[in-house]
Amino acid sequence: MSRTIVCRCEDVTAQDVEKALALGHRHLEEVKRYTGFGTGPCEGKECQSIVARMIQRLGGRKDGAQPFTARPPIAPVTLRALARHGDVGALPYVPLAAPEPALAGEPPKGPLPERADVAIVGAGIQGLALAYELARRGCKDVVVLDKAYVNYGASGRNGGGVRLQWSTELNIRLMQESLEICQGFATSMGVNVWLRRGGYVFLARSEVERARLEKSAELGQRCGVPTRLLSPADVREVVPELDVGGVVAASYNPRDAVIFPWPFLWGYARGAERHGARVHTFTPVTALRLAPGGFHVETPRGTIVAERVVAAAGAWSPTIARMAGATLPTWPHRHEICSTEPLKPWLRPLVAEIGSGLYFSQSMRGEIVGGLTVPDDDRRINLASRLIFLREMARALLRVVPRLSEVKVLRQWAGPYDMTPDGHPIVGEAPDCPGLWLCSGFVGHGFMMAPAVACHVADAMTGRPRHALFHAWRPDRFDRSGARPREDMDLG
């Protein structure tokens, strides 16, 4: 049975599923992420029931065999057909399954600890990286709580870009640290995150956009980043397949990279646990009260009394802060991504457009993976997919690479960007609630910044010197007057 193919599209065997369950991935969505089954053209039509039966037989969660969330489109569609679609503004959303099956059902077995030094709410990249860094510094009583599974939230729904091209020195310096950690992650954590240093190419289509790239390149060079400006002809030397009509300039840094997000989170989770931290998934925080002895963190599995609490739940963080009587001026913005059928390797760097916000790269499996921010007035967390995104994404992508017109889109998904009034994160102890630490508002860049940010937050929480980010990103800055520099390279 172990070598039997259960997913023909992705060559997933029964042995792969058994390994996923042995490693603790006990829900259908988790097993899907670990093995890749159900992510090919058939979208799980042939393999989903087989894997569900295996989960039931091998002792997975009782609710873990529910059908996983279908990813539109229902059948593969060419980019040309999507780009030619008419007015879709009035069409209804293409919904995902609701409610998400991972957010309901049986609670995990076993009690929670009664006390903790630090309780981190959110098992995304910020929470898991911080748990690892705290535990590595000797803080043993660290607990991570999440209402779903690792990789459910925004950290498991992003494009995996890690870059050094920014318009503020703070971000460049942090990303130099972060990229160094990413570079050594496979060796230090024992998890392959498929890091590819193919670079980033940013395209400018106006003189205003060219000036933004020039400013970023000049600042990067002063910080030791080898970014260089390219003419349209130079761009074709880097990526011959690009149509540079209308492009006035570009910037290119060959040291920028892309990694596969899911194993990055699994690596941090396992690393945190090796150092004594405990990660409890499917454990939502239902109340957070400050009382004698610390914060009472209430969950369906019991209450933990924690000396300090960290709200690191991304777009869900304002809810956690409100439970403790604090306010986070952040809001969610839906960001969508799609993936095509696999192609032979042709695209080494990630390509992005300054004006449209388009970005795309080629995965290790050959898929073209990319995103585009489409205006959305809904300030609720909404993970539904929209046809209008596929149309706008197809039009933008074919403007840059017309040769992709007959390539088919296999699936799309959405995740919430965590937005702030000035475009910068909010990190530090809440001024109106001592003991509550905030680590959110990363405006879509939390994944790439988390390795470095977690190191500095862990330093501050264990009494070490504080990094400059605690002044620039302090939670009370919105109560003070004075202009703050915005980040101009806030995409991809």
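Residues numbered from 1 in each chain as written. Predicted model: local features only at pLDDT ≥ 70, side-chain atom pairs only at ≥ 80, totals over all residues. Heavy atoms only, no water.

Topic: the overall build of the protein
Applied cut-off: Here a helix means four or more residues in a row that DSSP labels H or I, a strand means two or more in a row labelled E, and each is numbered from the N terminus. Two things to know: the radius of gyration comes from C-alpha atoms, and the globule rule equals 2.2 Å times the number of residues to the power 0.38. Whether a residue is buried, partly exposed or exposed follows from its accessible area with a 1.4 Å probe, protein chains only, as a fraction of its type maximum: under 20%, in between, or over 50%, in that order.
Scanning the protein for helices and strands turns up 14 helices and 21 strands. Taking 2.2 N^0.38 as the reference for a compact globule, 492 residues should give roughly 23 Å; the C-alpha atoms of the protein span a radius of gyration of 22 Å, in line with that estimate. Each principal axis of the C-alpha distribution contributes one length, and for the protein these read about 65 × 60 × 45 Å. In the protein, buried positions account for 61% of the 492 residues.

Things to note about the side chain of arginine 163
Filter applied, for reference: By the criterion applied in these results, polar contacts are pairs of N or O atoms within 3.5 Å in which, for protein atoms, one can donate a hydrogen and the other can accept it, and in which residues neighboring in sequence qualify only through two side-chain atoms.
Inspection of the secondary structure puts arginine 163 in the loop between strand 6 (161-162) and helix 6 (169-183). Here the side chain of arginine 163 touches histidine 445 through a polar contact of 3.4 Å, side chain to side chain. There is a polar contact of 2.6 Å between the side chain of arginine 163 and the backbone oxygen of methionine 489.

Quick look at the packing of aromatic side chains
In plain terms, the rule: Put simply, two rings from Phe, Tyr or Trp (the six-membered ring, in Trp's case) pair if the centres are within 6.5 Å, and we call them stacked under 30 degrees between planes, edge-to-face over 60, tilted for the rest. In this scheme, Lys NZ or Arg CZ marks a charge over a ring once it lies within 6 Å of the ring centre and within 35 degrees of the ring normal.
Evaluation of the coordinates by the stated rule reveals 13 aromatic pairs. Summarising the aromatic geometry, the rings of tyrosine 34 and tryptophan 266 are spaced 5.3 Å apart at their centres and angled 50 degrees between planes, so their arrangement reads as tilted. Pair noted here: tyrosine 34 is in helix 2 (residues 28-35) and tryptophan 266 is in helix 10 (residues 261-274), with a separation of 232 residues, a long-range link. Among the aromatic residues, ring-to-ring pairing joins Tyr132, Phe185, Phe264, Tyr268 and Phe447 into one connected group. Sitting over the ring of tryptophan 331, arginine 379 keeps its end group 4.1 Å from the ring centre.

Description of the pattern of salt bridges
Here is the rule: The term salt bridge refers to a side-chain nitrogen of Lys or Arg lying within 4 Å of a carboxyl oxygen of Asp or Glu.
Counted according to the given criterion, the structure contains 25 salt bridges. Ionic pairing is found between arginine 210 and glutamate 207, a salt bridge with its closest N-O pair at 2.9 Å. You can see arginine 210 and its partner glutamate 207 sitting in helix 8 (residues 207-222), three residues apart, about one turn around the helix. Bridged by salt links that share partners, the residues Glu133, Arg136, Arg137, Asp459 and Arg464 form one connected network.

Some words on unusual backbone geometry
Its identity is not glycine, yet asparagine 151 carries a phi of approximately 85 degrees, on the positive side. Here asparagine 151 lies in the loop between strand 5 (142-145) and strand 6. Of note in this structure, phenylalanine 282 is not a glycine but carries a positive phi near 55 degrees. With respect to the element layout, phenylalanine 282 can be found in the loop between strand 11 (278-280) and strand 12 (287-291).

As for the side chain of arginine 308
As a reminder, the rule being used: Working rule for contacts: check all heavy atoms of both residues, and any pair within 4.5 Å makes them a contact.
Tracing the chain through its elements places arginine 308 in strand 14 (residues 302-311). According to the relative accessible area criterion, arginine 308 is buried, its value standing at 17%. One polar contact links the side chain of arginine 308 to the main-chain carbonyl oxygen of methionine 461, over a distance of 2.6 Å. Here arginine 308 is in contact with Asp117, Val118, Ala119, Phe295, Gly435, Trp437 and Met461, once residues within four sequence places are set aside.

Overview of the sheet that holds strand 15 (residues 331-340)
Short version of the rule: Pairing between strands requires that DSSP locate at least two bridges from one strand to the other.
Reading across from one edge, 3-19-15-18-17-16-7-9-8 is the order of the nine strands in this open sheet, with mixed pairing throughout. Across the chains shown, the open sheet's two edge strands, defined by having one partner strand only, are strand 3 (77-78) and strand 8 (228-230). Pairing between strand 17 (residues 359-362) and strand 18 (residues 368-372): four bridges, direction antiparallel. Considered in strand 18, the bridge of glutamine 362 is made with isoleucine 368.

So, the packing of helix 1 (residues 14-22) against helix 2
In plain terms, the rule: Comment: axis = line fitted to C-alpha atoms, over the contacting stretch for helices; angle = value between 0 and 180 degrees taken between N-to-C directions. The cut-offs work like this: below 35 degrees is roughly parallel, past 145 is roughly antiparallel, 65 to 115 is roughly perpendicular, and the gaps in between are oblique. Crossing handedness is read from the near helix: turned anticlockwise from the far helix by less than a right angle, it gives a left-handed crossing, and turned clockwise, a right-handed one. Under this grouping Gly is polar, as are all residues other than the nonpolar Ala, Val, Leu, Ile, Met, Phe, Trp, Tyr, Cys and Pro and the charged Asp, Glu, Lys and Arg.
Contact pair helix 1 / helix 2: the axes reach a minimum separation of 9 Å and the direction vectors enclose 120 degrees. With respect to each other, helix 1 and helix 2 are oriented oblique. Note that helix 1 runs across helix 2; the crossing there is right-handed. From helix 1, Asp16, Val17, Lys19, Ala20 and Leu21 reach across to helix 2, where they touch Val31, Tyr34 and Thr35. Of the residues in the contact of helix 1 with helix 2, the class split is five nonpolar, one polar and two charged.

Here's the deal with the environment of leucine 404
Considering the arrangement of structural elements, one finds leucine 404 in the loop between helix 12 (387-400) and strand 19 (408-419). Look at leucine 404 and you get buried, because its relative accessible area is 5%. Sequence-distant contacts of leucine 404, that is, excluding residues within four places in its chain, are made with Leu79, Leu343, Trp346, Leu397 and Leu398.

Description of the confidence of the model for the protein
This is how the line gets drawn: pLDDT is defined as a per-residue confidence score from the predictor, taking values between 0 and 100.
Across the protein, the average pLDDT comes to 90, with 92% of residues at or above 70. Within the model, pLDDT remains below 50 along residues 89-99, and this stretch shows 23 contacts once partners closer than five positions in the same chain are excluded.

With respect to helix 1
Using the following cut-off: By definition, the arc is the one covered by directions from the helix axis to the C-beta atoms.
For helix 1, the set of buried residues is Ala14, Val17, Ala20 and Leu21. Seen end-on, helix 1 carries its buried residues on one side only, within an arc spanning 120 degrees. As for helix 1, its buried residues are in contact with strand 1 (5-7), strand 2 (12-13), helix 2 and helix 3 (48-57). Downstream of helix 1 by a residue or two, glycine 24 has a phi angle that is positive, lying close to 100 degrees.

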